[in-house]
Amino acid sequence: NAEAGLRALEWFGGFGVDAGAGARGLLYADGVLNGVEQTDDPWRAAPYADAGLRLRVANRFADGLFHVVTPRIGLEVIGEGRHATLPDYGFTDGRCDFEEDRRHLVTSIDTSVTRGRELFHADVLARWALRDIDLNAVDSDGVVQTSSSALAQIEAVAVGTGPGSYTGDTTLAVNDYE
């Protein structure tokens, strides 16, 4: 997997405007599929762009604790892939997932708590399908499933420091399929 892009964020008081663009790619080098060494190194790449609006709400408490909450709404577009059709190596851990031709409304919330240093940080992001085709996903058995709602994906990350700290992230498919 490879990704290259540019991203910008500008704050106007408590309001922020962000945008990014680039390309994501996937390359299989020196692959062996069903015991047969592959003669070429197939790769595929797709352009992407996203933009959004943010609102930053901050509060400083008397004891020096600082809390920031930042909701965001945006648009995410992933273009059609170019180059070779990738072979199915059948990895179940997501390393051969290649997203292309997607359109999503994106909503997220970011929160952090600091006191001299960051004590806790969490992000939750939801992707909402904008077209019927964006409701489709391939399950771990390689079967295309269609979501029964516009909510296509939720990602969550939480990081804490200090005694009993927690670091974790997950991507959840939250839809029940028809």
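Rules and cut-offs
Residues numbered from 1 in each chain as written. Predicted model: local features only at pLDDT ≥ 70, side-chain atom pairs only at ≥ 80, totals over all residues. Heavy atoms only, no water. Phe/Tyr/Trp six-rings, centres within 6.5 Å; stacked < 30°, edge-to-face > 60°. Lys NZ or Arg CZ within 6 Å of the ring centre and 35° of its normal. pLDDT = per-residue confidence, 0-100. Helix = DSSP H or I, 4+ residues; strand = E, 2+ residues; numbered from the N terminus. Contact = heavy atoms within 4.5 Å. Buried < 20%, exposed > 50% of the residue type's maximum accessible area, 1.4 Å probe, protein only. Salt bridge = Lys/Arg side-chain N within 4 Å of Asp/Glu carboxyl O.

(A) Molecular detail of the packing of aromatic side chains. Overall, the coordinates contain zero aromatic pairs when judged by the stated rule. Here the guanidinium or amino end of arginine 24 rests over the ring plane of tyrosine 48, the centre of that ring lying 3.9 Å away. The cationic tip of arginine 56 hangs over the ring face of tryptophan 11; the distance from NZ or CZ to the ring centre is 3.9 Å.

(B) Structural context of the confidence of the model for the protein. Per-residue confidence for the protein gives a mean pLDDT of 81, with 75% of residues at or over 70. Mean pLDDT in the protein bottoms out at strand β14 (residues 167–172), which sits at 51, and peaks at strand β7 (residues 66–78), which reaches 96. Segment residues 172–178 is flagged for pLDDT under 50; beyond a separation of four residues in sequence, or across chains, it makes 18 contacts in the model.

(C) Structural context of the environment of arginine 60. With respect to the secondary-structure elements, arginine 60 resides in strand β6 (residues 57–60). With relative accessibility at 58%, the residue arginine 60 sits in the exposed group. A C-alpha to C-alpha distance of 9.5 Å links arginine 60 and threonine 114, two positions 54 residues apart in sequence. With sequence-adjacent residues up to four places away left out, arginine 60 is seen in contact with Leu65 and Phe66.

(D) Looking closely at the pattern of salt bridges. Enumeration over the complete set of coordinates arrives at twelve salt bridges. For arginine 72, the salt bridge identified is with aspartate 18, shortest N-O distance 2.7 Å. With a gap of 54 residues between them, arginine 72 in strand β7 and aspartate 18 in strand β2 (residues 15–27) connect regions that are remote in the sequence. For arginine 131, the salt bridge is made with aspartate 101, and the minimal N-O distance between the two is 3.3 Å. Taken together, the positions of arginine 131 in the loop between β10 (118–129) and β11 (136–138) and aspartate 101 in the loop between β8 (82–83) and β9 (102–114) put the pair 30 residues apart, joining distant regions of the chain. For arginine 131, a relative accessible area of 28% corresponds to the partly exposed category.

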